[in-house]
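Report on the structure
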Amino acid sequence: MLLSYAWLKTYLPKLPAPDALASALMAHGLDVDGVTTTGQAYDHVVVGEITAIKPHPNADKLRLADVVIVPNGTPQEVVCGAPNIAVGQKVPIALIGARLPNGLTIEPRAIRGVTSNGMLCAADELGLGSDHSGILVLDPASPVGASLASVLDQPVDTIFDVATPANRADLLSLRGLAWEIGAMLGQRPKFRPVKLTAGSRAATASVSVKVEDNGTCPVYNLRVIRGLSLKPSPRWLKERLASAGMRSINAIVDVTNYIMLEYGQPLHAFDAAKSTSRTLAVRMATSGEMLTTLDGKSRHLEPTMVVIADGQGPVALAGVMGGKTTEVSERTTDIYLESAIFNPVAIRKTSRQLGLVSEASKRFERGLWPSLTRQASDAAAALLVELCSGEIEQGSVTVGESSAPARTVALDPVYISARLGEKISAAVSKKILTALGFTVSGRANSWTITIPEWRPDVALAEDVVDEVGRIRGYEDLPVTPLAETATHDVATALRQKEEVCNLLVAAGFTEVISHAFFGERQGMKELGQHFTVANPLDETQQLLRKGLLSQLFETLKRQAEAGQDAAIFEIGRVFDPTLPGAIDHQQPWKLALGMTHKQEARLPEIIEELCRTLATPTKPETLLVVNETFRGRKIELCQFDLQALVVHAAWALPDWEPMKYITTGVRHRAQSKYPAIKRDVAFWWPHDEAGIAAAVAAVGDPLLQRFEITDRFAQADRVSYTINVVYQAPDRTLTKTEVDKLEQRLKALLTKAGATIR
């Protein structure tokens, strides 16, 4: 969402400076992806007129321009190298002391022996694009001596690109952002009042609306406005649209876009004279229907898409884009003004199917609230009459409820302090919540908090606590140490795991890591009760594994079907609801092995070695070997309800819970942010390969970070090696001189050890 600082200031007059505001947004949970300044104040940059041009006495490509900056005043001599200057031109001149948008400060200085009293400016030097081919030439009518800002007539503004969370539809509007920022700053936004004057004719007498499925369109509001006189949009309206990245089209369309940006409610205006009936229907498209949208493209509609239709067929793609047949034009005088809520899922599907993402669809996809339809419609109708005259017909045609039942949360204010880890007074919490639009009522230790309808993301007491903490500032909350200190030695546990992995890898096994989810219909699963997933993504992720067999089985089966032998193992958590104790005790770690093979199994000896490594007499869970083959391979069968083409051994690793431990005494070195320099050194080496590492280590300088052997070849009775050496400093970029010295030292040590440098 593009947020205009100037526009926001009309709601919150006491805004901090743009940089401070960007920092406040970031600190309170709204990421700012970019900040852009539009327009410039151009201090000490004025309009000058070139009265004479002379060659520079000491440079062929430079010229001396006499520039008048006061009507009938004394010209100033400026050195200029631009090829396009000419006598009589009005040009921007930066006077002594001016600071340009590119950071350049203008000072009197000699250029090839001639002092330049200012600088004639190109467009890029003024922040007006990238053109540097010549001096910016102004309108001949520009008054000499006038400030450049007044001549260019460009509004000075700062635009923030605010990344709004997916569950915050209210922040896709200037009013929603004003509420949020006002709460951060302790200010209450002031909004322009809406004054709506309607005529005597009822809107229901002009048009009717039929919604075939309330699920696709919960609320539909239609106003009728007649006798509009279409005029160019005023400058302020064009500037507001431009600040949000939108172009001005005509006053009617501009007003609908402006209100959408201000309120967050998309609107659409139909040319009433172009509609073929007095009834509009909100329905699903039928197969084969076509619609030419406002972008001029003819689109094939699907039965899953919601459309607005008149007697001749679709006139708009609901929530995405209007149609050409009822487009507002310069001749439009009467309009139907639509303000509705459409099903977010339906809009998202339509937008993706057609590859058509609009500002309207972005807002409908996030979900809007019922009362917003009437508020935005009233504001747009009043502004249209203000700019284009006309008359608003009385009332509106409304289908569905324009209000939603209040949602409340019960909360003890003490709970807020308990969750945030800092004592926050009830008065402060209440002030923050009220500033965000919440209503707080009830007794001192029992609050009933009414959630504003524009905050569907708030549903629980914890959500309310998060709102207080976010506005209070999480960065200011004290750091609370953990209540208990770990007593286990994580290094021992991790070393044990590493030993097991090394043993199995040495025995020819490969480690696998699989998902903890599986489905009811998937090949093998452990017998008995399982933890079930409340909201599985699909039928293959319905259960949490109780053992490691299912995934191991599927992997080995694929290998066997491909006619290949395999030996694999996995170490991971399983989830067993039948185990006694708390939930932590129902998530033991297990080790599983499996193999397909042609020869006699080596598993028994591997199990014995594992038991010695684990220093435990614990034997694996049930393991049976049967005389079955699959594509010539001997198959071993696990003692479960389904036959498995897999060898399996699984047991709980004794006292191994590394995720619960906190390490102490472990040292970490941060990765250097400065560039590394790599050099290759090639040499004949008469000794064992291990001696190279000793020679490199003898350099004894931490700037030599590491090396690796990248090439080796033998010739007659000698061997050549090439090593790649990495030099890097933690606090600076190394110079060539530093690296050269280290490289010479390394070569000297290699030579001393018997190497011949190539």
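Use the structure listed above.
It should be emphasised that the depicted structure is a prediction, and the values quoted were computed from it without experimental measurement. (Residues numbered from 1 in each chain as written. Predicted model: local features only at pLDDT ≥ 70, side-chain atom pairs only at ≥ 80, totals over all residues. Heavy atoms only, no water.)

Moving on to the overall build of the protein chain. The helix and strand inventory of the protein chain stands at 17 helices and 38 strands. Here the protein chain holds 758 residues, and 46% of them are scored as buried. Nonlocal contacts in the protein chain, meaning residues at least 24 apart in sequence, comprise 69% of its contacts between residues at least 6 apart. (Helix = DSSP H or I, 4+ residues; strand = E, 2+ residues; numbered from the N terminus. Buried < 20%, exposed > 50% of the residue type's maximum accessible area, 1.4 Å probe, protein only. Contact = heavy atoms within 4.5 Å.)

Moving on, we get to the packing of helix H10 (residues 413-420) against helix H12 (residues 461-472). A pair of packed helices can be characterised by two numbers: the angle between their axes and the separation between those axes. Put simply, H10 and H12 touch, their axes get as near as 10 Å, and they point 70° apart. Here H12 runs roughly perpendicular to H10, going by the angle between their axes. By crossing handedness, the relation of H10 to H12 is classed as right-handed. Residues Tyr415, Ile416, Arg419 and Leu420 of H10 lie in contact with H12, whose contacting residues are Ala461, Glu462, Val465, Val468 and Gly469. Among the residues forming the contact of H10 with H12, the class breakdown is six nonpolar, one polar and two charged. (Axes fitted to C-alpha atoms, helices over the stretch in contact; angles between N-to-C directions. Parallel < 35°, antiparallel > 145°, perpendicular 65-115°, else oblique. Left-handed = near helix turned anticlockwise from the far one by under 90°. Nonpolar A, V, L, I, M, F, W, Y, C, P; charged D, E, K, R; others polar.)

Another point: helix H5 (residues 235-243). Buried within H5 we find Leu237, Arg240, Leu241 and Ser243. The arc enclosing the buried residues of H5, seen along the axis, measures out at 160°, which places them on a common side. Of the surrounding elements, those touching the buried residues of H5 are strand S1 (2-4), helix H1 (5-9), strand S10 (157-163), helix H6 (251-263) and helix H9 (371-388). Residue Gly245 follows H5 closely and has a positive phi angle near 80°. (Arc of directions from axis to C-beta.)

The next point concerns the pattern of salt bridges. Tallied over the entire structure, the rule returns 28 salt bridges. Of the charged contacts in the structure, one is a salt bridge between Asp457 and Arg455, with a shortest N-O distance of 2.8 Å. A residue is classified by how much of its surface remains accessible, and Asp457, at 21% relative accessible area, is partly exposed. Looking at Arg455, the relative accessible area reads 1%, which means it is buried. Overlapping salt bridges, with partners in common, bring together Arg168, Asp170, Glu180, Arg455, Asp457, Glu467 and Arg470 in one network. (Salt bridge = Lys/Arg side-chain N within 4 Å of Asp/Glu carboxyl O.)

On to the packing of H5 against H6, then. Closest axis-to-axis distance for the H5/H6 pair is 10 Å, and the angle between their directions is 55°. One finds that H5 runs oblique with respect to H6. For the pair H5 and H6, the crossing hand works out as left-handed. Each of Trp236, Leu237, Arg240 and Leu241 in H5 lies in contact with H6, whose residues at this interface are Asp254, Val255, Asn257, Tyr258 and Leu261. Taken together, the residues of the contact of H5 with H6 sort by class into six nonpolar, one polar and two charged.

Right, let's get into the sheet that holds strand S2 (residues 31-38). What the three strands build is an open sheet, ordered S1-S10-S2; its pairing is antiparallel. Where the open sheet ends on each side, the last strands, each with one partner, are S1 and S2. Strand-to-strand twist of the sheet, defined as the mean angle between neighbouring strand axes without regard to direction, takes the value 25°. Two elements, S1 and S10, share three bridges in a ladder whose sense is antiparallel. Counterpart to Ser4 in the pairing with S10 is Ile159. (Pairing = 2+ DSSP bridges.)

Per the stated rule, a full pass over the model turns up one cavity of 30 Å³ or more. When its volume is computed, the largest cavity comes out at roughly 30 Å³. Residue lining of the largest cavity: Arg168, Asp170, Trp179, Glu180, Leu436, Trp454 and Arg455, and that is the complete set. Split by residue class, the lining of the largest cavity holds three nonpolar, no polar and four charged. (1 Å grid on protein atoms, 1.4 Å probe; cavity = no way out; pocket = protein on both sides within 12 Å on 5 of 7 lines; lining within 4 Å. Points joined across faces, edges and corners; volume = space filled by probe spheres on them.)

With that settled, consider the layout of surface pockets. In this approach, a probe sized like a water molecule rolls over the atoms, and the result shows the empty space that is left. Looking at the largest pocket, its volume works out to about 820 Å³. Forming the walls of the largest pocket are 36 residues, and the residues nearest its centre are Val253, Asn257, His268, Leu294 and Met321. Sorting the residues of the lining of the largest pocket by element identifies H6, strand S14 (267-271), strand S19 (313-317), strand S20 (321-322), strand S21 (335-341) and helix H8 (359-366) as the ones contributing at least two each. Of the residues forming the lining of the largest pocket, the biggest block, five residues, is contributed by H6. Residues that form the lining of the largest pocket fall into these classes: 20 nonpolar, 11 polar and five charged. Within this model, the second largest pocket holds a volume of roughly 460 Å³. Considering the residues around the second largest pocket, the lining is formed by 22 residues, among which Val79, Arg109, Met119, Leu120 and Glu125 are closest to the centre. Put simply, the parts of the chain that give the lining of the second largest pocket at least two residues each are strand S5 (76-80), strand S7 (109-111) and strand S9 (119-120). When its residues are assigned to classes, the lining of the second largest pocket shows 12 nonpolar, seven polar and three charged.

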